[in-house]
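So the chains spell out like this:
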Amino acid sequence: MKFSELAAYLDQLEATNSRNELVRILSELYRACSTDEIEPTTYLIQGRLAPFFEPVEIGLGERLLITAMATAYGMAKEDVTKAYRQSGDLGLTAQALAPKTRRNVPSAVEVHRRLWEIAGTSGEGSLKGKIDLFAALLKELDASSAKHLVRITVGKMRLGIGDPTVLDALSFAKQGDRSLRPVLEAAYNRTSDLGLIARTLWARGVKGMDALKVTVGKPLRSQLAERLPNPEAVIKKLGLVGVQPKYDGFRVQIHKDGKAVSIFSRNLETMTPMFPELVAATKDLAVKSVILDGEAIAYNPELEEYVPFQETTARRRKEGIDEFAARVPLRAFVFDIMFRNGSDLTPMPYERRFAIVDELLKGSDTLQAAPLTKTDSVEVLTRELLDNISRGLEGVVAKRLDSPYQAGARNFNWVKLKRNTSGELTDTIDVVLIGYYRGKGKRAEFGAGALLAGVYDSDKDEFVTISKLGTGLSDEGWRALHKKVNQLEVTEKPARIRSILVPDVWLQPDVVVEVLADEITPSPRHTAGMVGDRPGFALRFPRIVSIRDADKKPEDATSVREIREMFKQQHQRAVRE
Ligand code: AMP
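We now turn to the structure provided with this report.

Rules used throughout
Residues numbered from 1 in each chain as written. Predicted model: local features only at pLDDT ≥ 70, side-chain atom pairs only at ≥ 80, totals over all residues. Heavy atoms only, no water. Near = heavy atom within 4 Å. Polar contact = N/O pair within 3.5 Å; in protein donor to acceptor, adjacent residues only side chain to side chain. Areas by Shrake-Rupley, 256 points an atom, 1.4 Å probe, with all protein chains shown as cover. 1 Å grid on protein atoms, 1.4 Å probe; cavity = no way out; pocket = protein on both sides within 12 Å on 5 of 7 lines; lining within 4 Å. Sits in = over half its atoms within 2 Å of the grid points. Helix = DSSP H or I, 4+ residues; strand = E, 2+ residues; numbered from the N terminus. Nonpolar A, V, L, I, M, F, W, Y, C, P; charged D, E, K, R; others polar. Salt bridge = Lys/Arg side-chain N within 4 Å of Asp/Glu carboxyl O. Buried < 20%, exposed > 50% of the residue type's maximum accessible area, 1.4 Å probe, protein only. Contact = heavy atoms within 4.5 Å. Points joined across faces, edges and corners; volume = space filled by probe spheres on them. Domains from an automatic or database assignment. Pairing = 2+ DSSP bridges. Axes fitted to C-alpha atoms, helices over the stretch in contact; angles between N-to-C directions. Expected span 1.5 Å × (residues − 1). Core = buried A, V, L, I, M, F, W, Y, C linked by side-chain atoms within 4.5 Å. Phe/Tyr/Trp six-rings, centres within 6.5 Å; stacked < 30°, edge-to-face > 60°. Lys NZ or Arg CZ within 6 Å of the ring centre and 35° of its normal.

**A closer look at the site of the ligand**
Reasoning step 1: Near the ligand you find 15 residues, and of these P245, R251, E295, K399 and K416 are the closest.
Reasoning step 2: Between Y247 and the ligand, the recorded distance is 3.1 Å, taken from a backbone N or O atom to a nitrogen atom.
Reasoning step 3: A distance of 2.8 Å is found between a nitrogen atom of the ligand and a side-chain nitrogen or oxygen belonging to K399.
Reasoning step 4: Relative to its unbound accessible surface of 490 Å², the ligand loses 93% to contact with the protein.
Reasoning step 5: Its atoms largely coinciding with the cavity grid, the ligand occupies the largest cavity.
Reasoning step 6: Of all the elements in the fold, those that place two or more residues in the shell around the ligand are β2 (241–246), β11 (395–400) and β12 (410–418).
Reasoning step 7: Looking at the shell around the ligand, the element that brings in the most residues is β12, giving 4 residues.
Reasoning step 8: Residues of the shell around the ligand, tallied by class, amount to 5 nonpolar, 1 polar and 9 charged.

Right under this line is the structure:
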């Protein structure tokens, strides 16, 4: 497939605002791919060269791209810059400057290979090398191809193709319907690598999926926790449980393969450089290969206190990691093990996995097994909850002792219990920002009207609205948040958003914020949970508590299923009270 043919599909994908159409167009593209083409194509359509967890950077920012475009099109840099100022979109600028058609456009595979080469060019004089390679590539591309190449390079492919959309499209391309989705999804939960799944499906068929095992170096999708309203409900539903403190830190999946250690965040980004002390401690473990799951939290040795999430993530700023590590060292409370010395441990019951964690981490100070209390008593569970809250922790997680590790699942194997400051049991909700209103008065002056927020409908792979947000942040906080979302503005409603309300500006779903609300109420204006003539759900008195985009992708926002469950539990609580 020529890159120009791929670009034509990308144009079609860009033009639709229906999710079904996205899947249809994408499955058509897949049908046109050979086994060798499907893997790089899968990464390119998401604006990447490799799976999400591989930190491959092309390393050409806007300024360098302008230089490359000037070289490719024989223009002065100032003129390219002027054209860019007019359109405000570097991809459109390239499209306007490149010839409409070209003979001998390279294949999509070739373009992918050459972008890898550019990404791999490093060392002295590498910038010039990168620019030259990129300019040479642009010289071979027609207008539409140039537009998409530039967008991929600056990381601004706004097609809204989420991972579930890719899985659906693969199933349609292979089988003509959605029936392969569960098998593909299971392989995805084990490997997180859509390109690998696509290639294996094309090369070996559905049977090939079994061969995609848990592998050191490829993050598994994280197991997640359900909610229940109180300790009674937990014991009633789960019986004997293992209770652990719920740390408000940073989820870490730690992989060790010989001397090589990688650390992934909850949304599967590689975070290894952020955690030097965890890397060192993992290297010292007496095991050849291992995958661990845990929560990293900063510990202030002077005050003998744990430091909350916001401060733990302050390290994301690359400067000063070593300083930070010396002043407030991190610990990881490890609560699970999924792989050891060549064996997949995920099918093993939790009790046995935890015993292995306990044994393995003996003697390590930085990596500690999260303490586990076994109980089937409401009193003991309540005491644990209150104890942990009084120690400044978030609450507890209760786990079924006989459960396997179910990658990517949110179910009652794990149940979280939290308590908010007012003493009432409630939980925050993670919403995705999908639009905003320009606002009136003082707010409008600094471009900070109300935001339109949604939750994720995982069955339909759509974002549905649940609330407008207007409080919770300082003026400065609003300004910063708006600055962040301004980069996500799009002119049309993105394909995966379902909404009755129409904000002044639509946003590509990307930023996740944590909100606290008094209540979930039925609403005819919001689409979350709306089925036929049944109303949707809205949040009453929502306020923003924090911005969670450091560790959550839009698909990790609270799901409609969870909202429905929270609504039911709130109702039960009201009846009891
Ligand atoms: P939530 O993000 O509110 O759904 O809660 C689940 C998160 O709690 C996990 O993703 C972990 O990051 C965190 N967590 C903290 N302590 C534990 C624990 N002991 N077991 C499991 N998850 C934990």
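**Focus on the pattern of salt bridges**
Side chains that differ in charge, positive against negative, can pair when their charged atoms come close.
Reasoning step 1: What the rule picks out here adds up to 40 salt bridges.
Reasoning step 2: The salt bridge involving K147 is made with E14; its shortest N-O contact spans 3.5 Å. Of the two residues, K147 sits in helix α9 (residues 143–154) while E14 sits in helix α1 (residues 3–15), which places them 133 residues apart along the sequence.
Reasoning step 3: According to the relative accessible area criterion, K147 is buried, its value standing at 4%.
Reasoning step 4: By sharing partners, the salt bridges in this structure join R19, D168, R178, R181, E185, D461, R496 and E555 into a single network.

**Examining the side chain of T41**
Reasoning step 1: Topologically, T41 is positioned in helix α3 (residues 35–45).
Reasoning step 2: Using a relative accessible area of 2% as the deciding quantity, one classes T41 as buried.
Reasoning step 3: Beyond its immediate sequence surroundings of up to four residues, T41 is in contact with L6, L29 and C33.

**Thoughts on empty space enclosed by the protein**
Reasoning step 1: Under the defined criterion, the tally for this structure stands at 1 cavity of 30 Å³ or more.
Reasoning step 2: Put simply, the largest cavity is a space of about 550 Å³.
Reasoning step 3: Where the lining of the largest cavity is concerned, the elements lending two or more residues are β1 (224–227), β2, β3 (250–257), β11, β12 and β13 (429–436).
Reasoning step 4: Here the lining of the largest cavity takes 4 residues from β12, the largest share from any one element.
Reasoning step 5: Of the residues that constitute the lining of the largest cavity, the class distribution is 9 nonpolar, 5 polar and 19 charged.
Reasoning step 6: Counting residues domain by domain, the lining of the largest cavity receives three or more from each of domain 2 (224–418) and domain 3 (429–576).

**Digging into the sheet that holds β1**
Reasoning step 1: Here 5 strands make up an open sheet; going across it, the order is β1-β12-β11-β2-β10 and the pairing mixed. Two strands lie at the open edges of the sheet, namely β1 and β10 (373–375), each paired on one side alone. Across this sheet, the average inter-strand angle for adjacent strands is 40°, counted without regard to direction.
Reasoning step 2: With 4 bridges joining them, β1 and β12 adopt parallel strand pairing. By the bridge assignment, A225 is partnered in β12 with N411.
Reasoning step 3: Along the sheet, helix α13 (residues 231–238) makes contact with β2, β10, β11 and β12, crossing β12 at roughly 160°.

**Regarding helix α10 (residues 163–175)**
Reasoning step 1: The terminal C-alpha atoms of α10 lie 18 Å apart, and with 13 residues this matches the ideal 18 Å at 1.5 Å per residue to within 8%.
Reasoning step 2: For α10, a buried count of 10 out of 13 residues is recorded, marking the element as mostly surrounded by other parts of the structure.
Reasoning step 3: Of all the positions in α10, only D163, P164, T165, V166, L167, D168, A169, L170, S171 and A173 are classed as buried.
Reasoning step 4: In this structure, the buried side of α10 is in contact with α2 (19–31), α3, α11 (181–191), α12 (194–204) and β14 (451–457).

**Describing the nonpolar core**
Reasoning step 1: Counting residues in hydrophobic clusters, the biggest one holds 70 residues, and the most contacted among them are F3, Y30, L115, F134 and L170.
Reasoning step 2: Take this core: its biggest share by element is 8 residues, from helix α4 (residues 62–73).
Reasoning step 3: Ranked by size, the runner-up nonpolar core spans 52 residues in total, among them V214, L360, L361 and W414.

**Side note on the packing of aromatic side chains**
Reasoning step 1: Under the definition given, this model contains 9 aromatic pairs.
Reasoning step 2: Relative to F567, the ring of F537 has its centre 5.0 Å away and its plane inclined at 50°; by these criteria the two rings are tilted. With F537 in strand β21 (residues 536–540) and F567 in helix α21 (residues 560–576), this residue pair connects regions lying 30 residues apart in the sequence.
Reasoning step 3: Among the aromatic residues, those joined into a cluster by ring pairs are F335, Y405 and W414.
Reasoning step 4: Over the aromatic face of Y437 sits the side chain of K468, whose NZ or CZ is 4.3 Å from the ring centroid.

**Some words on the layout of surface pockets**
Reasoning step 1: As a volume, the second largest pocket reaches approximately 800 Å³.
Reasoning step 2: When its residues are assigned to classes, the lining of the second largest pocket shows 15 nonpolar, 9 polar and 10 charged.
Reasoning step 3: Residue assignment places the lining of the second largest pocket across two domains, with domain 1 (3–154) and domain 3 (429–576) each supplying three or more.

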